[in-house]
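# Fold and contact review
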Amino acid sequence: MQMMTRDVLLEMDQEEDDDDDGDIGDVPASRRPFLTPHTLHSSSRVLENLEQTVVSSFGTLESQPDFQTPEFEEFNGKPDSLFFNDGQRRIDFVLVYEDESRKETNKKGSNEKQRRKRRAYESNLICGGLQLEATRSILDDKLVFVKVHAPWEVLCTYAEIMHIKLPLKPNDLKTRTSAFGNFSWFTKVLQVDESIIKPEQEFFTAPFEKNRMNDFYIQDRDTFFNPATRSRIVYFILCRIKYQVRDNVKKFGINKLVSSGIYKAAFPLHDCNFSHKSEDLSCPNERYLLYREWAHPRSIYKKQPLDLIRKYYGEKIGIYFAWLGYYTQMLLLAAVVGVACFLYGYVNQNNCTWSKEVCHPDIGGKIIMCPQCDRLCPFWKLNITCESSKKLCIFDSFGTLVFAVFMGVWVTLFLEFWKRRQAELEYEWDTVELQQEEQARPEYEARCTHVVINEITQEEERVPFTTWGKCIRITLCASAVLFWILLIIASVIGIIVYRLSVFIVFSAKLPKNFNGTDPIQKYLTPQTATSITASFISFIIIMILNTIYEKVAIMITNFELPRTQTDYENSLTMKMFLFQFVNYYSSCFYIAFFKGKFVGYPGDPVYWLGKYRNEECDPGGCLLELTTQLTIIMGGKAIWNNIQEVLLPWVKNLIGRCRTVSRAEKIAPRWEQDYHLQPMGKLGLFYEYLEMIIQFGFVTLFVASFPLAPLLALVNNILEIRVDAWKMTTQYRRMVPEKAQDIGAWQPIMQGIAILAVVTNAMIIAFTSDMIPRLVYYWSFSVPPYGDHTHYTMEGYINNTLSYFNIADFKNRSKGNPYSGLEKHTTCRYRDFRYPPGHPQEYKHNIYYWHVIAAKLAFIIVMEHIIYSVKFFISYAIPDVSKSTKSKIKREKYLTQKLLHENHLKDVTKNMGVIAERMVEVVDNNLRPKLE
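Conventions adopted
- Residues numbered from 1 in each chain as written.
- Predicted model: local features only at pLDDT ≥ 70, side-chain atom pairs only at ≥ 80, totals over all residues.
- Heavy atoms only, no water.
- Salt bridge = Lys/Arg side-chain N within 4 Å of Asp/Glu carboxyl O.
- Helix = DSSP H or I, 4+ residues; strand = E, 2+ residues; numbered from the N terminus.
- Buried < 20%, exposed > 50% of the residue type's maximum accessible area, 1.4 Å probe, protein only.
- Patch = residues over 30% accessible without salt bridge, like charges linked within 9 Å, V, L, I, M, F, W, Y side chains within 5 Å.
- Areas by Shrake-Rupley, 256 points an atom, 1.4 Å probe, with all protein chains shown as cover.
- pLDDT = per-residue confidence, 0-100.
- Contact = heavy atoms within 4.5 Å.
- Phe/Tyr/Trp six-rings, centres within 6.5 Å; stacked < 30°, edge-to-face > 60°.
- 1 Å grid on protein atoms, 1.4 Å probe; cavity = no way out; pocket = protein on both sides within 12 Å on 5 of 7 lines; lining within 4 Å.
- Points joined across faces, edges and corners; volume = space filled by probe spheres on them.
- Nonpolar A, V, L, I, M, F, W, Y, C, P; charged D, E, K, R; others polar.
- Pairing = 2+ DSSP bridges.
- Disulfide = S-S within 2.5 Å.

As recorded by an unreviewed UniProt entry, the protein chain carries the name Anoctamin and is attributed to Lynx canadensis.

Here it is, written out as structure tokens:
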């Protein structure tokens, strides 16, 4: 087999020196590793193992005269068929290419090269034991569909190489009971009807071995390997079959052939149409059941059929929907508490004393505020911020503090209970020891050219680069990521400059007097207009940078060359999240912790970049602006993502159907219907996780400023689950099933966010809201010796927290401020705690300021320690794996080992019995002549 393939590929080498496909999947043939089979510690051995296994199992190609090509068959008129024309061999994978001889723009040289590569690849597939059948398209005669079938021997061989766990015997352990058993009458409504989607039978499993085939639960060879497992095995083979040697470099893999255009697509088949059952009675109609009971809008209130999702799409997609469903369930509790806190603030907003003072014509209407910028900004009256102060009372209330503490505990409960649920899924889905069976990526295997000594086995093994080369790659990758993060910071600085510049314009253009009747004056203050426009511009910049960086992050990770697909995704995850964290949250961090904090005072303002005067917050603080920013980004992101996820694939499929509408009367086979769906892409699930983790950050990091965030997230996630389900079952081709033990790097990312959220929420309450200054005033400065009231009260708070400034002390930059209504006023007010003019320490921080600073620091320390103590206690008290799950894992491992041992003993006993019988016969035959 290898000899003929090599001759064919070398012949191609001589003809195609000018071809250049890139270098992914290439490796010098003379430097390819030759290693022993079935080792787990060195992933670079897999490719050679496959060659050795195929040679021993299926013979060589030396006797073959030329390329082996698939047989061409006409479509048999059965649109729902999942088999070759003979009706016996199941279609495990489909390859699609465009016939070069029928292309309209026929570049003879280039097309001939592609044709020869494809023929070599298909010939090697056949030599590798796979069976191919080609059928020309019904709707477009230029397209050819190559159907791939893996026979029993091939499946068994590669199941052993891939260490796939397969059934030994039915599982007789008790299944997990629901904690809501007493409410079965209620939960039954939410459950999927078991008469429609029947529960899967549970089995004890073990890694497959051909020499112990009799130990496995094989009742029917056609169903022993389910369609998802068959597709996974075939895809494993397709990714490792070679098709060309050029300059002593081998090229291999279906991914490279698809990316270079030699094949148009490669995918496993859906089992039926999503809208109706298959005419084939043997078809399980799993896609139809998933659409009806999971993706259809009428099933929005039902629980997800996770076992069927896992069976049809694989564990990787199953664990995503399990996590998303669990996250959504936990959001229900957070949303209820958040709405309660919001209603508390809404009901009590009319009792907000300091807001009444702002709106009162004899208090806020007579307080003249200092200009907030130079030259163009006017003096202004405090009561123009009346409406914003009323809104602020809703969010800046005691309920916000309670909710922030609650969310610190909630996020810990969510993460700990998810770990337990994840452990249960690991047991139920046989992924407890997944790391032992995961194979290296073909791109990694292809680069294994350097010999090193394994520290554990002390044997030689191949790696893609030396230690020095790895350090260089890590340095370059880290530098690239740092550059893009700095680029985001630069964009944030640009937004700040926009805020500073446009605030001057709005201050000059918007009305300067408040009469209470003009709705524009009532709601659109210079601060509000600046905040809203800056938030929208920030959102647009975020989405643009996000689109660009996605491609850059993939390029960086490809250059880094991780070993396994899990390592690849974890590396990409960390890069993408680090970027997205800065991209999405930087503007929120600026508003929460920097805006209005370093502004100086009117006579000596702080200038940014030596030109722009730093922004100031409203008299009520920056909390309302932070709430506005979160609302716009969260809402805009949800709308944008839904447009991308729903409208784009739907429109693309609609355009595809319109192009073939003239031939719609023809009956298209299953493989052609699936081809016209959209490809999901390797990283399709990655973006779904990223979207949810970014949302998780908004829900936890800044929840103290927006208690309705969990409610928005809950509504979005309920729709997101069904939208993702609808998209996968109706708009996208079936993904190649993949194994996954957990949610990967997203778990430690969520844990990091949970720890950071305690700090951010404590600091938002302390430094962004006005809760601490109000408490200090109420308990210390409203009564003697600092106050004039005889009892604790909030009256006089506004007057007490606004400092005086002498207009005569303005620098030249501000003297020209036009304000006709200034009349006889010689002072203006500004938001700070400083001594008035004429005081021995005029414009220095007063005693109130130092009381507030001490109270803020004390609050942060106390709140952090209380929440962290509760978090660590909860983490310690709730084990990651429940006692029952641990017992089931140990029980299954014991029974599996016992079963394999007993079967082995039976075989040994049987063999010993046969040997003993033969020995008796020999002895009897030798003694009988002597006795006679």
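## Things to note about the pattern of salt bridges
Across all of its chains, the model carries 27 salt bridges by this definition. With a closest N to O distance of 3.4 Å, Glu424 and Arg421 form a salt bridge. Here Glu424 pairs with Arg421, and both are found in helix H14 (residues 398-428), just three residues apart, close to one helical turn. Each member of the pair, Glu424 as well as Arg421, is classed as buried. Across the pair Lys575 and Glu560 runs a salt bridge, and its minimum N-O distance is 2.5 Å. Linking Lys575 in helix H19 (residues 565-593) with Glu560 in helix H18 (residues 526-560), this pair joins segments that are 15 residues apart in sequence.

## Details of a nonpolar patch on the surface
On the surface, a cluster of nonpolar side chains totalling about 570 Å² of accessible area is made up of Val189, Ile300, Tyr301, Leu711, Val715, Ile718 and Leu719. Assignment of secondary structure puts Val715 in helix H23 (residues 709-731).

## Side note on the confidence of the model for the protein chain
Caution applies to low-pLDDT parts of the model: their predicted coordinates are not meant to be read in detail. Scored by pLDDT, the protein chain comes out at a mean of 79, with 81% of its residues at no less than 70. When mean pLDDT is compared element by element in the protein chain, strand E5 (residues 143-149) scores highest at 94, while helix H1 (residues 2-15) scores lowest at 43. The low-confidence segment residues 179-183, where pLDDT is below 50, has one contact with residues more than four positions distant or belonging to other chains.

## Considering the packing of aromatic side chains
Per the stated rule, a full pass over the model turns up 61 aromatic pairs. Taking the centre distance of 6.1 Å and the plane angle of 55 degrees together, the rings of Phe208 and Phe224 count as tilted. Taken as a pair, Phe208 in the loop between strand E7 (203-207) and helix H6 (221-224) and Phe224 in helix H6 lie far apart in primary sequence, 16 residues in all. Comparing Phe208 with Phe224, the two get one shared label, buried. Taking 6.2 Å as the distance between ring centres and 20 degrees as the angle between the ring planes, the aromatic pair formed by Tyr868 and Phe872 counts as stacked. Taken as a pair, Tyr868 and Phe872 lie in helix H27 (residues 847-877) at a separation of four residues, close to a single helical turn. On the accessibility criterion, Tyr868 (17% relative accessible area) is buried.

## Concerning empty space enclosed by the protein
Tallying each qualifying case throughout the model produces twelve cavities of 30 Å³ or more. Volume-wise, the second largest cavity comes out at about 110 Å³. Every residue lining the second largest cavity is counted, 14 residues in all, and those nearest its centre are Val492, Ile495, Ser538, Ser586 and Ser587. At the level of secondary structure, the elements contributing two or more residues to the lining of the second largest cavity comprise helix H16 (467-509), H18 and H19. Among the elements that line the lining of the second largest cavity, the one with the most residues is H16, at six residues. When its residues are assigned to classes, the lining of the second largest cavity shows eight nonpolar, five polar and one charged.

## Description of the pairing of E5
Counting buried positions along E5 yields seven of seven residues, so the element is predominantly enclosed. Taking every second residue as pointing to the same face, both faces of E5 are buried, with Leu143, Phe145, Lys147 and His149 on one and Val144, Val146 and Val148 on the other. In terms of strand pairing, strand E3 (residues 93-98) meets E5 through six bridges, oriented antiparallel. When the bridges of E5 are listed, Glu98 appears paired with Leu143. Alignment of strand E4 (residues 131-136) against E5, held across six bridges, turns out to be antiparallel. By the bridge assignment for E5, Glu133 is matched with Lys147. Between E4 and E5, which pair antiparallel and follow one another directly, the connecting turn spans six residues.

## Some words on the state of the cysteines
Per the stated rule, a full pass over the model turns up three disulfides. Shown here is the disulfide that connects Cys352 with Cys393, its sulfur atoms set 2.4 Å apart. Judged by the sign of its S-S torsion, about -70 degrees, the bond between Cys352 and Cys393 is left-handed. Placement of the pair is Cys352 in the loop between helix H11 (315-347) and helix H12 (353-359) and Cys393 in helix H13 (residues 386-395), with a sequence separation of 41 residues. Of the two residues, Cys352 and Cys393, neither departs from the other in class, the shared state being buried. In this model, Cys370 is linked to Cys828 through a disulfide, with the two sulfur atoms separated by 1.8 Å. A torsion of 90 degrees about the S-S bond marks the disulfide between Cys370 and Cys828 as right-handed. In this pair, Cys370 is assigned in the loop between strand E11 (368-369) and strand E12 (380-381) and Cys828 in strand E20 (residues 827-831), connecting sequence segments 458 residues apart. Of the residues examined, Cys370 reaches a relative accessible area of 4% and is grouped as buried.

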